[in-house]
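# Working through the structure, step by step
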Amino acid sequence: MNVSSEKILFRPAVNEDIPVVTSILRMAADRMLAEGKKQWTESYPGESDVRADIGNNVGYVVELDGKVVAYGAVVLDGEPAYSSIEGKWLSDQKYVVVHRLAVLGSSECRGLASYFMHEVEKLAVALGIKSFRVDTNFDNQRMLKCLEKNGFTYCGEVFYERGSRKAFEKLI
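What comes next concerns the included structure.

Ranked by internal contacts, the top residues of the largest apolar core, which has 43 residues, are W40, V62, V98, F116, M117, V120 and F132. Within the residue set of this core, elements represented by two or more residues are α1 (18–34), α2 (47–55), β2 (59–64), β3 (67–75), β5 (96–103), α3 (112–126), β6 (131–136) and α4 (141–149). Considering each element in turn, this core owes the most residues, seven residues, to α1. Not counting chain neighbours up to four residues away, the residues in contact with F116 comprise F10, Y60, V62, Y71, G72, V74, V98 and L101. Judged by nonpolar contacts, the second largest core, of 10 residues, contains A81, I85, W89 and C155.

In structure tokens:
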């Protein structure tokens, strides 16, 4: 990670983070749409998703020198879409999932997504969870590269109302 000289912190998101987190997600979604990608839409993810994440205690942020620069939902109680996979998961054990991971545009390419993923792994291990699952769109090259870099294995496809997603797992 290219932020060694800066103070970095992974923490639960709080209500005061909602405006900046919503802005980070909106910028990421707008960029995806401009690139012709269909994973996120003009309304998803939005403020209501962030509020729900925080209300459910699954929203997490990364702060760099006191400024929120990344966000993701860290889900510990499973993902219904993962119960049916066209392919095969690496394990059948309890797992952690990350959804809606985004990094502030001006902070991209600094290893913050990888930092977020490593912190999620540490959180999961501390809770006795030894499996980490993620899904992403087939054309989300940034996330696909991040997953490869961080040792995730492609397991198959999972299906949502908005379409299928590539599914990955890492045993931790």
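Okay, back to it.
A word on the pairing of β6. Look at any regular strand and the pattern is simple: side chains alternate between the two faces of the sheet. Among the six residues of β6, six are classified as buried, and the element is accordingly described as predominantly covered. The two faces of β6 match: S131, R133 and D135 on one face and F132, V134 and T136 on the other face are all buried. Sheet analysis places β5 next to β6, joined by two bridges and oriented parallel. Within β6, the position partnered with V97 by the bridge is R133.

Now for the sheet that holds strand β7 (residues 153–160). Ordered by their spatial adjacency, eight strands build an open sheet running β1-β2-β3-β5-β6-β8-β7-β4, and the pairing between neighbours is mixed. If you trace the sheet from one side to the other, it starts and ends with β1 (8–12) and β4 (85–87), each paired once. Across the sheet, the axes of successive neighbouring strands diverge by a mean angle of 30 degrees, strand direction being ignored. Sheet topology places β4 next to β7; three bridges connect them, and they run antiparallel. If you follow I85 over to β7, its bridge partner there is V158. Strands β2, β3 and β5 of the sheet are contacted by α1, whose axis makes an angle of about 80 degrees with β3. In the packing of α4 onto the sheet, contacts are made with β5, β6 and β8 (163–171), and the angle to β6 comes to roughly 160 degrees.

Conventions used here
- Residues numbered from 1 in each chain as written.
- Predicted model: local features only at pLDDT ≥ 70, side-chain atom pairs only at ≥ 80, totals over all residues.
- Heavy atoms only, no water.
- Core = buried A, V, L, I, M, F, W, Y, C linked by side-chain atoms within 4.5 Å.
- Buried < 20%, exposed > 50% of the residue type's maximum accessible area, 1.4 Å probe, protein only.
- Helix = DSSP H or I, 4+ residues; strand = E, 2+ residues; numbered from the N terminus.
- Contact = heavy atoms within 4.5 Å.
- Pairing = 2+ DSSP bridges.
- Axes fitted to C-alpha atoms, helices over the stretch in contact; angles between N-to-C directions.

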